[in-house]
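What follows is the residue order along each chain.
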Amino acid sequence: QKEVEQDPGPLSVPEGAIVSLNCTYSNSAFQYFMWYRQYSRKGPELLMYTYSSGNKEDGRFTAQVDKSSKYISLFIRDSQPSDSATYLCAMSAPNAGKSTFGDGTTLTVKP
Amino acid sequence: NAGVTQTPKFRILKIGQSMTLQCTQDMNHNYMYWYRQDPGMGLKLIYYSVGAGITDKGEVPNGYNVSRSTTEDFPLRLELAAPSQTSVYFCASSFRDRGLLMNTEAFFGQGTRLTVV
């Protein structure tokens, strides 16, 4: 079993929709949770980062962590065609020095 | 500020050939990583380094070698290329502050697309 499982997608939504992207994990040592966005033929870039249970909001993006259920989500409100990309969740434990990535969910937002 | 730079961007290798993928960063990051990403898949860690002179295996190290003689450079060596090594390779770097328990975000290069035929 993989340490990090991500909803595989692909996901296709109309512009303006609310998008939910999800990951589950099995390693209870994970304390830090990240979402990366990767545009086609580009390297991933950090979108959001959190280290506690609860919600963290940044503009149209909300990251949610439920450590008791070992479940994290990224919500995108008022989705735009420019949000079309692959979204990767990543997690790490204290002092690990490296992150474990999910396989990514490819999102297409249609105008 | 260039960030993480990878060369080459594209390469076609014949089975059995060898090559070195170059990676350099100008952010003075102590941690550096090599990942491979197969189509529709996530990132698999090949090797990583916590500082000059120190390297460690990731989850898929077979067929690869690395060295870290300087803080800036972290080349990845492929010996005896095989079709299974066809992939996109990403180099990344991050910083570990002495007071933090974890690294800052990883900054990625633009990738090297390698095809082995």
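For every chain, the first residue of the written sequence is number 1, and numbering continues from 1 onward in sequence order. Chains and ligands are labelled by the order in which they are written, letters from A for the one and numbers from 1 for the other. Under the rules for a predicted model, residues below a pLDDT of 70 receive no local features and side-chain atom pairs below 80 are neither given nor counted, while totals for whole chains, interfaces and linings still include all residues. By convention in this description, side-chain values take in all heavy atoms of the structure and omit both hydrogens and water.

J.: Please provide a residue-by-residue account of the layout of surface pockets, values included.
T.: Cavities and pockets are defined on a 1 Å grid built over the protein atoms alone: a cavity is a set of grid points where a 1.4 Å probe fits but cannot escape, while a pocket is an open set with protein on both sides within 12 Å along at least five of seven lines, and lining residues are those with an atom within 4 Å of any such point. Grid points are joined across faces, edges and corners, and a volume is the space filled by probe spheres set on the points. Computed from the structure, the largest pocket encloses a volume of approximately 480 Å³. Taken together, 23 residues make up the lining of the largest pocket; nearest its centre are Gln37, Asp38, Pro39, Gly40 and Arg113 of chain B. Put simply, the parts of the chain that give the lining of the largest pocket at least two residues each are strand S9 (85-92) of chain A together with strand S9 (87-94) and strand S11 (112-116) of chain B. Its residues assigned to classes, the lining of the largest pocket shows eight nonpolar, 10 polar and five charged. The calculated volume of the second largest pocket comes to roughly 310 Å³. In this text, helices come from DSSP runs of H or I with a minimum length of four residues, and strands from runs of E with a minimum of two, each type numbered from the N-terminal end. As a working rule, the residues Ala, Val, Leu, Ile, Met, Phe, Trp, Tyr, Cys and Pro are called nonpolar, Asp, Glu, Lys and Arg charged, and the rest polar, with Gly in that last group.

J.: Let's hear about the pattern of salt bridges: which residues, and what values?
T.: All names here are of chain A. A side-chain nitrogen of Lys or Arg and a carboxyl oxygen of Asp or Glu constitute a salt bridge if their distance falls within 4 Å. Counting across every chain of the model gives six salt bridges over all chains. With a closest N to O distance of 3.4 Å, Arg77 and Glu57 form a salt bridge. With Arg77 in the loop between strand S8 (71-76) and S9 and Glu57 in strand S6 (residues 54-58), this residue pair connects regions lying 20 residues apart in the sequence. Exposed residues in this analysis have more than 50% of their type's maximum accessible area, buried residues have under 20%, and partly exposed residues fall in between, with area computed by a 1.4 Å probe over protein chains only. Residue classification places Glu57 among the exposed residues on the basis of a relative accessible area of 59%.

J.: So what about the interface of chain A and chain B? Which residues, and what values?
T.: Contacts are assigned to residue pairs that have any heavy atoms within 4.5 Å of one another. In this complex, chain A contributes 21 residues to the contact, which on the side of chain B involves 22 residues. Accessible-area loss on putting two parts together, using a 1.4 Å probe and summing over both, is the definition of buried area adopted here. Both faces combined, the contact of chain A with chain B buries some 1,800 Å², and carbon together with sulfur accounts for 55% of it. Between chain A and chain B we count zero salt bridges in total. Distance and chemistry together define a polar contact, namely a pair of N or O atoms within 3.5 Å, with one atom able to donate a hydrogen and the other to accept it when in protein, and with adjacent residues in sequence counting only for side-chain atoms on both sides. Summed over the shared surface of chain A and chain B, the number is three residue pairs in polar contact (both at pLDDT 80 or more). Contributing elements (two or more residues each) for the side of chain A that touches chain B: strand S4 (32-38), strand S5 (45-50) and S9 of chain A. Per-element tally for the side of chain A that touches chain B: the top contributor is S4 of chain A, with three residues.

J.: Go over the sheet that holds S6 of chain A with me, naming the residues and quoting the values.
T.: Residue and element names in this part refer to chain A. Pairs of strands are assigned from DSSP output, requiring at least two bridges between the strands. Pairing in this open sheet of five strands is antiparallel, and the strands run S1-S3-S8-S7-S6 from one edge to the other. Looking at the sheet topology across the chains shown, the edges are occupied by strand S1 (4-6) and S6. Averaged over all pairs of adjacent strands, the angle between their axes in this sheet comes to 15°, without regard to strand direction. Strand direction decides the pairing type here: strand S3 (residues 19-25) and S8, joined by six bridges, are antiparallel. When the sheet's bridge partners are listed, Ser20 is paired in S8 with Phe75. The axes are straight lines fitted to the C-alpha atoms, using for helices just the contacting stretch, and the angles between their N-to-C directions are given from 0 to 180°.

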